[in-house]
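Next come the chains, spelled out residue by residue.
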Amino acid sequence: MLRALPGQLAAALPYALLLALPAWLVNHVARIPAGLQLFVDNLPLLLSGICVLLAFGFHRGRTLVVALAAGLAYWGMSLAEAVSDNRGVLLFSLAQLALCLNLTLFAFVRERGMLSKFGLTRLGFIALQVAVIAGLVALDSSLLAAVLELQLVDIVWLERLYIPQVILLLLLPALVILIVRNLLQPGATHAAFLAAFLAVVFAAFRPDLPYWDSFYMSAALVILTFGLLQDSYRMAFRDELTGLPARRAMQHKLNTLGNEYAIAMLDVDHFKKFNDTHGHEVGDQVLKMVASHLGAVTGGGTAYRYGGEEFTIIFPRRNIKQCIPHLSKVRENIENYTLVLRRRERPRKAEKGRRQRGRNPPTKRVSVTISIGVAERNQKWTTPRDVMEAADKALYRAKEKGRNQISR
Ligand SMILES: Nc1nc2c(ncn2[C@@H]2O[C@H](COP(=O)(O)OP(=O)(O)OP(=O)(O)O)[C@@H](O)[C@H]2O)c(=O)[nH]1
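Residues numbered from 1 in each chain as written. Predicted model: local features only at pLDDT ≥ 70, side-chain atom pairs only at ≥ 80, totals over all residues. Heavy atoms only, no water.

Things to note about the overall build of the chain
- Along its length, the chain carries 16 helices and 7 strands.
- Buried positions account for 43% of the 408 residues belonging to the chain.
- Counting contacts in the chain only where the partners sit at least 6 residues apart, residues at least 24 apart contribute 71% of the total.
- Total accessible area on the chain stands at roughly 22500 Å², and carbon and sulfur atoms take up 60% of it. (Helix = DSSP H or I, 4+ residues; strand = E, 2+ residues; numbered from the N terminus. Buried < 20%, exposed > 50% of the residue type's maximum accessible area, 1.4 Å probe, protein only. Contact = heavy atoms within 4.5 Å. Areas by Shrake-Rupley, 256 points an atom, 1.4 Å probe, with all protein chains shown as cover.)

Focus on a nonpolar patch on the surface
- On the surface, Leu143, Val147, Leu150, Leu152, Val153, Ile155, Trp157 and Leu169 cluster together into a nonpolar patch covering about 750 Å² of accessible area.
- Summarising the element assignment, Trp157 is placed in helix 7 (residues 156–160). (Patch = residues over 30% accessible without salt bridge, like charges linked within 9 Å, V, L, I, M, F, W, Y side chains within 5 Å. Salt bridge = Lys/Arg side-chain N within 4 Å of Asp/Glu carboxyl O.)

Remarks on the UniProt feature "transmembrane region" (unreviewed entry) in the chain
- Under the UniProt annotation, "transmembrane region" (unreviewed entry) lies at residues 35–56, 63–83, 89–108, 120–141, 161–180, 187–205 and 211–229.
- Measuring from the first to the last C-alpha atom of residues 120–141 gives 32 Å, for a span that is 91% helix and 0% strand.
- From the first C-alpha to the last, residues 211–229 spans 26 Å; its make-up is 95% helix and 0% strand. (UniProt positions renumbered as here; feature names shortened; annotations may be inferred.)

Some details on the environment of Val222
- Within the secondary structure layout, Val222 lies in helix 10 (residues 212–237).
- Judged by its relative accessible area of 32%, Val222 is partly exposed.
- Leaving out residues up to four positions away in the same chain, Val222 has contacts with Leu18 and Leu47.

With respect to the sheet that holds strand 2 (residues 302–307)
- In spatial order, the strands read 2-3-1-6-7; together these 5 strands make up an open sheet with mixed pairing. Of all strands in the sheet, those with a lone pairing partner are strand 2 and strand 7 (406–407), marking the two edges.
- With 7 bridges connecting them, strand 1 (residues 261–268) and strand 6 (residues 370–376) associate as antiparallel partners. Each residue of the ladder has a partner; that of Asp267, found in strand 6, is Ser371.
- Strand contacts of helix 14 (residues 320–336): strand 1, strand 3 (310–316), strand 6 and strand 7, with the helix running at about 170° to strand 6, the strand carrying the most contacts. (Pairing = 2+ DSSP bridges. Axes fitted to C-alpha atoms, helices over the stretch in contact; angles between N-to-C directions.)

Structural notes on the packing of helix 4 (residues 86–106) against helix 9 (residues 188–203)
- Their axes nearest at 9 Å, the elements helix 4 and helix 9 cross at an angle of 170°. Our classification of the angle between helix 4 and helix 9 gives roughly antiparallel. The segment helix 4 lies against helix 9, with Phe92, Gln96, Leu99, Cys100, Leu103, Thr104 and Phe106 engaging Phe193, Ala196, Phe197, Val200, Val201 and Ala203.
- Of the residues assigned to the contact of helix 4 with helix 9, the class counts are 11 nonpolar, 2 polar and no charged. (Parallel < 35°, antiparallel > 145°, perpendicular 65-115°, else oblique. Nonpolar A, V, L, I, M, F, W, Y, C, P; charged D, E, K, R; others polar.)

Some points on unusual backbone geometry
- Positive phi outside glycine occurs at Tyr211, with the angle close to 65°.
- Along the chain, Tyr211 falls in the loop between helix 9 and helix 10.
- Positive phi, close to 50°, is recorded for His270, a residue that is not glycine.
- The residue His270 is located in the loop between strand 1 and helix 12 (271–278) in this model.

Structure (structure tokens):
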């Protein structure tokens, strides 16, 4: 988790900027021209529509539902601002609370289609929330109004914010859950849900300032759209099993190479036999282990999953001599790595398990080697395709010579 931290911080940067931008705009844009005011007022609704359409096109049911919920919440917030009594505060608070809870809840829901039974149930769930909120506001209960006015803590700056303390108290555990979800299962969608959650909370801090909530709700929807696009990009360009960039990403990289570069083709030795002996699942674990070593290659190389048990490392601005020490290091690291596999078939009864563990160790240790072929751009091999073909032939020679080695 710690190794991934710099990457996660870099991924968080656009969200941090999007969260700071509305406050900056409110403080620095003196006046919005009259012709634009209606547009800015309705911007979150427009962005909600765009995000819903994109989510529909990309088959991302969770984002579709929360973007729709965000549009409805902003509609509720706008209506609330026109109501000066307690019902306005109630509507604003409930719209915000419902949206934040939806963002937390849908971070735990699996993608399961949009026009399926599950998709329609989710839309029904949002419609139910609208009905409940409308009912509570129409009820205009003095008890609810009193609850929203409760002062739980005596903190001056908290009192200056417009958000009721009870709502903040309800949002806190939801926020913690969403943060933990992001730490345990990082990804563009979960990060976007967390950042959008914060934007929605910020929207309720100073709705008295002109366009504050409109800008923050717009930011929430831009964040959701950004997360959706990032997630779709990852699906197209990242290999699902290993997490390495996939062949499509490699193709893009090949188009950007200059006049000096080296390309290595790598293949796990006797992988078919390995799969047959230990099973496909263990084979997958091995591919992940190999990929994690390749992903950590030094010397400016980037590793890609070419397909199956074949990988490619591209070294821009390097020749063979420069990249061989880095490839040797990777090859040695993989050779020396022992993968410990836990036995899968665990007896249900504790006593039986204890007896079995006495007889058989509960783990199995396996290791693999890789062969590498490497080639560089030169007068004979002038295009990336030529260099890859040369690296592939070199890989074949490494296999012929006995595997677990580098050929050029
Ligand atoms: N577990 C798993 N196996 C895969 C995957 N992709 C390809 N394979 C297997 O990889 C094996 C490739 O074997 P071969 O190309 O015959 O070569 P090899 O056994 O590695 O032998 P050499 O390359 O000659 O050392 C096949 O058994 C494929 O089923 C995958 O994603 N997961």
